[in-house]
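# What the coordinates show
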Amino acid sequence: MKISTKGRYGLTIMIALAKKYGEGPISLKSIAKEHNLSEHYLEQLIAPLRNATLVKSVRGAYGGYMLSREPSDITAGDIIRVLEGPISPVEVVEDEEPAKRDLWIKIRDAVKDVLDNTTLEYLASYEGDSDQESYMFYI
């Protein structure tokens, strides 16, 4: 499963809104500027998030977008499903060997578990472990 720029930038929008939760609406222009992203592209991504009632819009000179629920009530899985579709890293084929089919199902369930148990509150408050060594994986 590969998360496209839709999912990545959608998470960026939602984390930015979560960090400012309770402070009123935030403009897409300010999010785009802060993260060096295209405002036009963010406008395309915010529509499905609004339609899914994850964000609400406020019109006017001081308008913008805000989360429709607490950051602790929205998961990464909610956002990824809206922008990317169903979470399925591997297509499970019914006539495949049972051992392989079981492996694909376990992988799918593990990915779903991580996404569905990672809240926006956690992502917005994440500070990272700067002492942790970064890894490079080669295949």
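Here goes a summary of the coordinates provided. (Residues numbered from 1 in each chain as written. Predicted model: local features only at pLDDT ≥ 70, side-chain atom pairs only at ≥ 80, totals over all residues. Heavy atoms only, no water.)

## Focus: the overall build of the chain
For clarity, the threshold we go by: In DSSP terms, a helix is any run of H or I states spanning at least four residues, a strand is any run of E spanning at least two, and both are numbered starting from the N terminus. Summary of the burial criterion: residues with accessible area below 20% of their type's maximum are buried, those above 50% are exposed, and those between are partly exposed, where the area comes from a 1.4 Å probe applied to protein chains only. Charged residues are defined narrowly, with Lys and Arg counted positive, Asp and Glu counted negative, and His plus the chain ends left uncounted. Here the site of a charge means NZ on Lys, CZ on Arg, CG on Asp, or CD on Glu.
Helix and strand content of the chain: 6 helices and 2 strands. The principal-axis extents of the C-alpha atoms in the chain amount to approximately 60 × 40 × 25 Å. Out of the 139 residues in the chain, the part that is buried amounts to 29%. Charge-centre separation for the chain: the mean point of 17 positive side chains lies 8 Å from the mean point of 22 negative side chains.

## Structural notes on the pattern of salt bridges
Note the threshold: Each salt bridge in this description consists of a side-chain nitrogen of Lys or Arg and a carboxyl oxygen of Asp or Glu lying within 4 Å of one another.
Going through the model one piece at a time under the given rule, you end up with 6 salt bridges. Here Asp-102 and Lys-106 are joined by a salt bridge, their closest N and O atoms 3.4 Å apart. In this pair, Asp-102 and Lys-106 are both assigned in helix α5 (residues 98-116), 4 residues apart and thus about one turn of the helix distant. Judged by relative accessible area, Asp-102 falls into the partly exposed class, the value being 37%. You can call Lys-106 exposed: its relative accessible area is 53%.

This is a description of form; function is not addressed.
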